[in-house]
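Each chain, written out:
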Amino acid sequence: MEQVKHMTPGIKQYILIAFLTILSCFLLFSVDKDTHSFNDLLKLGNLAALVVYFIPTFLVSIILLKYFSKKNQMAKSITLSLLISVPVCFTIIIISFLNYR
């Protein structure tokens, strides 16, 4: 059996996860019916929502990355952490917003 060298996540992985999480947030916001251009994404309401979506998703992604990096290679760990955290966090936040109304 082949031994796989596992690394602990570093600043490069955190920056990559942050970038991909922000990109996911902007993609989610772009499907909004009120968003017609990139400038609409930079409105105050969307920036406030970006913070609400980004922070928990980023934190959950980092926690999952640390967990998966103990068992898998770094690329697979990043992929798994984002594939799990982005849909789960976005769904929880959307349901929370719907219940708040």
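Residues numbered from 1 in each chain as written. Predicted model: local features only at pLDDT ≥ 70, side-chain atom pairs only at ≥ 80, totals over all residues. Heavy atoms only, no water.

The next point concerns the overall build of the protein. In terms of helices and strands, the protein carries four helices and zero strands. Based on the C-alpha atoms only, the size of the protein along its principal axes is roughly 55 × 30 × 20 Å. By the burial criterion, 36% of the 101 residues in the protein qualify as buried. Pairs at least 24 residues apart make up 70% of the contacts formed inside the protein by residues separated by at least 6 positions. Surface accessibility of the protein: about 7200 Å² in total, with carbon and sulfur atoms responsible for 69%. The positive charge centre, built from 9 side chains, and the negative charge centre, built from 4, are 14 Å apart in the protein. (Helix = DSSP H or I, 4+ residues; strand = E, 2+ residues; numbered from the N terminus. Buried < 20%, exposed > 50% of the residue type's maximum accessible area, 1.4 Å probe, protein only. Contact = heavy atoms within 4.5 Å. Areas by Shrake-Rupley, 256 points an atom, 1.4 Å probe, with all protein chains shown as cover. Lys, Arg positive; Asp, Glu negative; His and termini not counted. Charge placed at Lys NZ, Arg CZ, Asp CG, Glu CD.)

What follows concerns helix H4 (residues 74-100). Spanning 27 residues, H4 covers 38 Å between terminal C-alpha atoms, matching the ideal 39 Å at 1.5 Å per step. Among the residues of H4, those classed as buried are Met74, Ser77, Ile78, Ser81, Leu82, Ser85, Val86, Cys89, Phe90 and Ile93. Against helix H1 (11-30) and helix H3 (44-69) lie the buried residues of H4. (Expected span 1.5 Å × (residues − 1).)

On to a nonpolar patch on the surface. On the surface, Phe19, Leu23 and Leu27 cluster together to form a nonpolar patch covering roughly 310 Å² of accessible area. Residue Phe19 is classed as exposed on the basis of its relative accessible area, which comes to 53%. (Patch = residues over 30% accessible without salt bridge, like charges linked within 9 Å, V, L, I, M, F, W, Y side chains within 5 Å. Salt bridge = Lys/Arg side-chain N within 4 Å of Asp/Glu carboxyl O.)

This brings us to the packing of aromatic side chains. This model, assessed by the stated rule, comprises five aromatic pairs. Each ring, one from Tyr53 and one from Phe97, has its centre 6.0 Å from the other, and the planes form 55°; the classification is tilted. With a gap of 44 residues between them, Tyr53 in helix H3 and Phe97 in helix H4 connect regions that are remote in the sequence. Following the ring pairs from residue to residue traces out a cluster consisting of Phe29, Tyr53, Phe90 and Phe97. (Phe/Tyr/Trp six-rings, centres within 6.5 Å; stacked < 30°, edge-to-face > 60°.)

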